[in-house]
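Descriptive analysis of the structure
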Amino acid sequence: MTFCRIVLVALFVHSAIFAGIAWAHSGATGIVKERMQLMKDIASDTKALGLAFRGKTPYDPAEIAAAAERIAEHAGMRLTALFPDGSNDHPSEASSEIWSDWERFTEIADDLRISAQRLADEASSGQTATAPLFGDVARTCKACHQDFRIDD
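What comes next is a walk through the structure. Quick caveat, the model's predicted, so the values are computed rather than measured. (Residues numbered from 1 in each chain as written. Predicted model: local features only at pLDDT ≥ 70, side-chain atom pairs only at ≥ 80, totals over all residues. Heavy atoms only, no water.)

Let us look at the overall build of the chain. Tallying secondary structure elements over the chain gives eight helices and zero strands in all. Order of helices (α) and strands (β) in the chain, N terminus to C terminus: α-α-α-α-α-α-α-α. Taking contacts inside the chain between residues at least 6 apart in sequence as the whole, the part at least 24 apart equals 75%. Put simply, the chain shows about 7,900 Å² of open surface, and 53% of that area lies on carbon and sulfur atoms. (Helix = DSSP H or I, 4+ residues; strand = E, 2+ residues; numbered from the N terminus. Contact = heavy atoms within 4.5 Å. Areas by Shrake-Rupley, 256 points an atom, 1.4 Å probe, with all protein chains shown as cover.)

The following block contains the structure:
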């Protein structure tokens, strides 16, 4: 995948993530609010990464590594723990497909952890070398949103 394609995928994911965050948190409580906050934190770091990979902000290896590390920490089992059975009441944007295809959902959550950690580990290699790794993070976010998020 070319660098431009990676950046375009990242831009799409960034736009999709932020499109409904502000209104989605309205009225959320408990575990739904916790996971919405976690997703907001992931989205914020993804946005910062996207800006660096698009050249809108400087590519600072330490900042790239820190943002990717935070995403990795939020992903995997930490993310899936915020989706217990019966926790998709309004204003949750979680599709019931999460619970009917739990194996796929946990696989994507772990893929996000792995791809973000790879980016964190390789951040010092430079923007060109790590662009495909950021593309992996962005594609993982997109896959989860396509399969498991209800869009209004």
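Right, let's talk about the nonpolar core for a bit. Counting 34 residues, the largest nonpolar core has Leu49, Phe53, Ile64, Phe83 and Leu119 as its most contacted members. Within the residue set of this core, elements represented by two or more residues are helix 3 (30–53), helix 4 (61–74), helix 6 (97–100), helix 7 (102–122) and helix 8 (127–148). At eight residues, the largest contribution of residues to this core is made by helix 8. Not counting residues within four places of it along the chain, the set of residues in contact with Phe83 comprises Arg35, Met39, Ala94, Ile98, Trp99, Trp102 and Phe105. (Core = buried A, V, L, I, M, F, W, Y, C linked by side-chain atoms within 4.5 Å. Buried < 20%, exposed > 50% of the residue type's maximum accessible area, 1.4 Å probe, protein only.)

Both the distance between ring centres and the angle between the ring planes are used here to describe each pair of aromatic rings. Evaluation of the coordinates by the stated rule reveals six aromatic pairs. Relative to Tyr59, the ring of Phe53 has its centre 5.5 Å away and its plane inclined at 80°; by these criteria the two rings are edge-to-face. Among the residues examined, Phe53 registers a relative accessible area of 2% and is labelled buried. Between Phe83 and Phe105, the ring centres sit 4.9 Å apart and the planes meet at 70°, which makes this aromatic pair edge-to-face. Of this pair, Phe83 sits in the loop between helix 5 (77–80) and helix 6 while Phe105 sits in helix 7, and the two are 22 residues apart along the sequence. Comparing Phe83 with Phe105 shows no difference in burial state: the two are buried. Three or more aromatic residues link up through ring pairs in this structure, and these residues are Phe83, Trp99, Trp102, Phe105 and Phe148. (Phe/Tyr/Trp six-rings, centres within 6.5 Å; stacked < 30°, edge-to-face > 60°.)

The next point concerns helix 8. Turn by turn, an α-helix covers 3.6 residues, leaving residues three or four places apart pointing in a common direction. For helix 8, spanning 22 residues, the distance from its first C-alpha to its last is 30 Å, which sits close to the expected 32 Å at 1.5 Å a residue. Taken residue by residue, helix 8 has Thr130, Ala131, Leu133, Phe134, Gly135, Val137, Ala138, Thr140, Cys141, Ala143, Cys144 and Phe148 as its buried positions. (Expected span 1.5 Å × (residues − 1).)

What follows concerns the pattern of salt bridges. Under the definition given, this model contains six salt bridges. Arg70 is the partner of Asp45 in a salt bridge, and the nearest nitrogen-oxygen pair spans 2.7 Å. Taken together, the residues Asp45 in helix 3 and Arg70 in helix 4 connect sequence positions 25 residues apart. The class for Asp45 is buried, based on a relative accessible area of 7%. Residue Arg70 is classed as partly exposed on the basis of its relative accessible area, which comes to 37%. Its salt-bridge partner being Asp110, residue Arg113 comes within 2.7 Å of it at the nearest N-O pair. With Arg113 and Asp110 both in helix 7 and three residues apart, the pair spans about one turn of that helix. Among the ionic contacts, a cluster of salt bridges with common partners joins Arg104, Glu107 and Asp147. (Salt bridge = Lys/Arg side-chain N within 4 Å of Asp/Glu carboxyl O.)

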